[in-house]
Amino acid sequence: MEQDLRAALGAFDVGFGPMLPDADIVRTGKVPVDAYLSPARFAREAEIFRHVWLNVALDAELSGPGDWVVREIEAASASVLIVRGQDGVVRAFHNVCSHRALKLVWGESGCDRQFVCPYHAWIYGADGSLRGVPDRVSFPDLDPATSGLTPINVEVWNGLVFVNIDANPRQSLREFLGGIAPLLDAAPIGDFRYTARLTGLVKSNWKAGLDAASEGYHVQALHRDSARDMVCSKTNPFVKFMSIDFYGAHRRMSNPRNVDFQLPDSKPVTKFVFESIPQPVVAGEGQAPSFDLPGLNPTHAEDWSNDLVSIFPNFQMSLALNGFWTMHYWPVSVDSFRWEAHYHFREAPKSWRERFAMEASVAMNRDISSEDTACTQQQQVAMASGARAFVQFGTSELLCRHEAAVMEAIVNRSDAPAISVAAE
Amino acid sequence: MTAILPAAFIDLAPFLGVWGDLETAQERYLVRQQSRMPDLQRFYDALAPRLVAVFDHLDTFPADAPLPPPEAALFRLMLALGEVSPAIEIYHQPEVPFVPKPHVVATTWSDGTRGKR
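Owing to the predicted nature of the structure, the values given are computational and were not obtained by experimental measurement. Here the residue numbers are simple positions, counted from 1 along each chain's written sequence. Ligands are numbered from 1 and chains lettered from A, in the order in which they are written. Only residues with pLDDT of at least 70 are given local features in this predicted model, and only at 80 or more are side-chain atom pairs given and counted; all residues enter the totals for whole chains, interfaces and linings.

1. Looking at unusual backbone geometry
Looking along the chain, the bond that leaves Phe312(A) and enters Pro313(A) is cis, with omega of 0°. By definition, any uninterrupted DSSP run of H or I lasting at least four residues is a helix, any uninterrupted run of E lasting at least two residues is a strand, and each is numbered from the N terminus. Tracing the backbone shows Pro313(A) in the loop between strand E15 (304-311) and strand E16 (315-320). Lys101(B) connects to Pro102(B) through a cis peptide bond whose omega is -5°. Among the secondary structure elements, Pro102(B) is positioned in the loop between helix H5 (69-91) and strand E1 (106-109). Of note, the phi angle at Asn158(A) is positive, near 45°, even though the residue is not glycine. Positionally, Asn158(A) belongs in the loop between strand E10 (151-157) and strand E11 (160-164). A positive phi angle is found at His300(A), which is not glycine, with a value near 55°. Assignment of secondary structure puts His300(A) in the loop between helix H10 (268-276) and E15.

Below, the structure is given as structure tokens:
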């Protein structure tokens, strides 16, 4: 454990210069409750979202020319339009019309050659250029060259689409990812083309959501009705990570499963679902891993379930035996976040049985995640009571410690914006 | 009632009124949360024993083309069974414990077949 703690103290740089995680948090696990409650603290965290690379989409969502998605980054007050041009290039823009600064595209995804503003029908190409202005003569001073959509920096890394809201990013995506990039390089993300995307609002601080996804300790209690028997084993009842690595601000952690798990006959629908398709989240028996990559499951544990790849600040990708899933925790306000999950299957269903099983599997996983979000909502209310000054993460919750320690260091950096008294 | 079912499954028709027209996971999830446990149990008890028979029938149709209307209605009923089964098999109550209702979770699939309007 001392070796893991020391590893968690390593330097990182996410664009604000080299820093060290807060050593006190890494060593003691104690994090002031104020980090989850203070509006001023939240404002500083939201500001970070305006400057670092953020994963917002998969390349596979933009498979053909004209394919587009809109993604909201509430912390940066940004709506981002990401589109593959007719030339095949993926571009990102602020989703804002140059005429009256209106939200341009109101839908969530589609395929179009051009975008027409709903207000007065200004027209933009997939390359962001202004293509048409109704009653053009009324705008004698309009400069079309500077009235295209405002670009946002975008980079695609092995199938993962990242944007940086900063007009002048402090780092390239490669610099931002640092040592964890090779793990992403090796992951066959593009092989998984059939995806369910889920999103919903949760009334708790975004870091509480991230915490719950960063440790297995809670599975034996909170998920006792659902996931416990699949995950908690006789030898590892508290679901301690089997190995952990830190790559600057990012991390990788191997998680176990219960190899003795067998679906009871008393749950015939669940059993049918599990027998119909390989489960991306909890592994079945005897299946070859989808992610047999250097760096994953480094201890070669037989009870390996998945490796959690945790990318600062809010993105977690779990590479498992039969697929992968991702979680995003999008800060909305100090006491709310938007939960976003993607469950990826290797291929489209080949039968109606498989289609049913994928739907039901995603519903079950949504319910398990809802156990987490119900919990963090209770936590937010309780934290506000002031009964406790700090939370305390155990050594098996080391990922939570590291996440908190990295964030603490960044918000306390010397060039951080001053906390205004009025904001409190 | 807007659709009929394949002949072998016509006895499931009473459930079409509640579940037969729901196209998206979000809609099914909301109806599940609003339902009473005895109604969910009745639905589950009627459909769960038919799982294998239903899919033996549905899988005589290609997976990449639209089903005929009666089969499509039957499939929507089965998707509803998938939504209801955690309430019966895991939680023993309609909603996930202590999740405030209505709990809205938007769900979309990458092939756009379900979840989009």
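2. Considerations on the interface of chain A and chain B
Note on contacts: residues are paired as contacts if their backbone-placed C-beta atoms lie within 7 Å. Counting residues at the interface gives 35 residues for chain A, matched by 32 residues for chain B. Those elements that place two or more of their residues in the side of chain A that touches chain B are strand E12 (194-202), H10 and helix H11 (352-384) of chain A. When residues in the side of chain A that touches chain B are grouped by element, the largest group, 15 residues, is from H11(A). Any residue that is not Ala, Val, Leu, Ile, Met, Phe, Trp, Tyr, Cys, Pro, Asp, Glu, Lys or Arg is counted as polar, Gly included; the first ten are nonpolar and the last four charged. Looking at the side of chain A that touches chain B, its residues break down into 15 nonpolar, eight polar and twelve charged. Should DSSP find at least two bridges between two strands, the strands are regarded as paired. Examined bridge by bridge, E12(A) and E1(B) share four bridges and lie antiparallel to one another. Residue pairing for E1(B): Thr199(A) is matched across the bridge by Ala106(B).

3. Points about the sheet that holds E11(A)
Residues and elements named next belong to chain A. Read across the sheet, seven strands follow the order E2-E11-E10-E5-E4-E3-E6 without closing on themselves; strand pairing throughout is antiparallel. The open sheet has two edge strands, strand E2 (54-58) and strand E6 (109-111), and neither has a second partner. Within the sheet, the average angular offset between the axes of one strand and its neighbour, ignoring direction, is 30°. Pairing of E10 with E11, which is carried by five bridges, proceeds in the antiparallel orientation. Among the inter-strand pairings, Trp157 is bridged to a residue of E11, identified as Leu160. A fitted line through C-alpha atoms represents every axis, and for helices the fit uses only the stretch in contact; the resulting angles, taken between N-to-C directions, go from 0 to 180 degrees.

4. Quick word on the packing of helix H3 (residues 37-47) of chain B against H5(B)
All names here are of chain B. It is at 9 Å that the axes of H3 and H5 come closest, and there the two elements cross at 120°. The angle between H3 and H5 places the two elements in the oblique class. Considering the relative orientation of H3 and H5, their crossing is left-handed. Together, Leu40, Gln41, Phe43, Tyr44 and Leu47 of H3 and Leu77, Leu81, Val84, Ser85, Ala87 and Ile88 of H5 make up the contact between the two elements. Put simply, angles under 35 degrees are roughly parallel, angles over 145 are roughly antiparallel, angles from 65 to 115 are roughly perpendicular, and the rest are oblique. Note on convention: near helix rotated counterclockwise from far helix by under a right angle means a left-handed crossing. Clockwise means right-handed.

5. Considerations on the sheet that holds strand E8 (residues 123-125) of chain A
Residue and element names in this part refer to chain A. Read from one edge to the other, the open sheet built from three strands follows the order E7-E8-E9, with strand pairing classed as antiparallel. Both outer strands of the open sheet, strand E7 (114-116) and strand E9 (130-132), are each paired with one neighbouring strand and no more. Here the strands of the sheet are splayed against their neighbours by 35° on average, with no regard to which way each runs. Examined bridge by bridge, E7 and E8 share three bridges and lie antiparallel to one another. In the sheet register, Val116 faces E8, and the bridge partner there is Ile123.

6. Topic: the confidence of the model for chain B
pLDDT is a residue-level measure of predictor confidence that goes from 0 to 100. Chain-level statistics for chain B give a pLDDT mean of 93 and a share of 92% at 70 or above. Confidence estimates for the predicted assembly give a pTM of 0.94 and an ipTM of 0.95.

7. A closer look at the pairing of E15(A)
All names here are of chain A. Neighbour counting defines burial: a residue surrounded by 20 or more other C-beta atoms within 10 Å of its own C-beta is buried, one with 12 or fewer is exposed, and intermediate counts give partly exposed, using backbone-placed C-beta atoms. Within E15, eight of the eight residues are buried, which leaves the element mostly enclosed by the surrounding structure. Sheet topology note: the E15/E16 ladder contains six bridges and is antiparallel. The residue of E16 that forms the bridge with Leu308 is Ser318. The antiparallel pairing of E15 with E16 creates a hairpin that spans three residues between the two strands.

8. Thoughts on the environment of Ala60(A)
As for its position among the elements, Ala60(A) is in the loop between E2 and strand E3 (67-73). As a C-alpha pair, Ala60(A) and Glu72(A) span twelve residues in sequence and 19 Å in three-dimensional space.

9. Structural notes on the pairing of strand E5 (residues 90-94) of chain A
Residues and elements named next belong to chain A. Where strand E4 (residues 78-84) lies against E5, five bridges are found, and the strand directions are antiparallel. Pairing of Arg84 across the sheet is with Val90, part of E5. Where E4 hands over to E5, the hairpin turn is made up of five residues, of which Gly88 adopts a positive phi near 90°.

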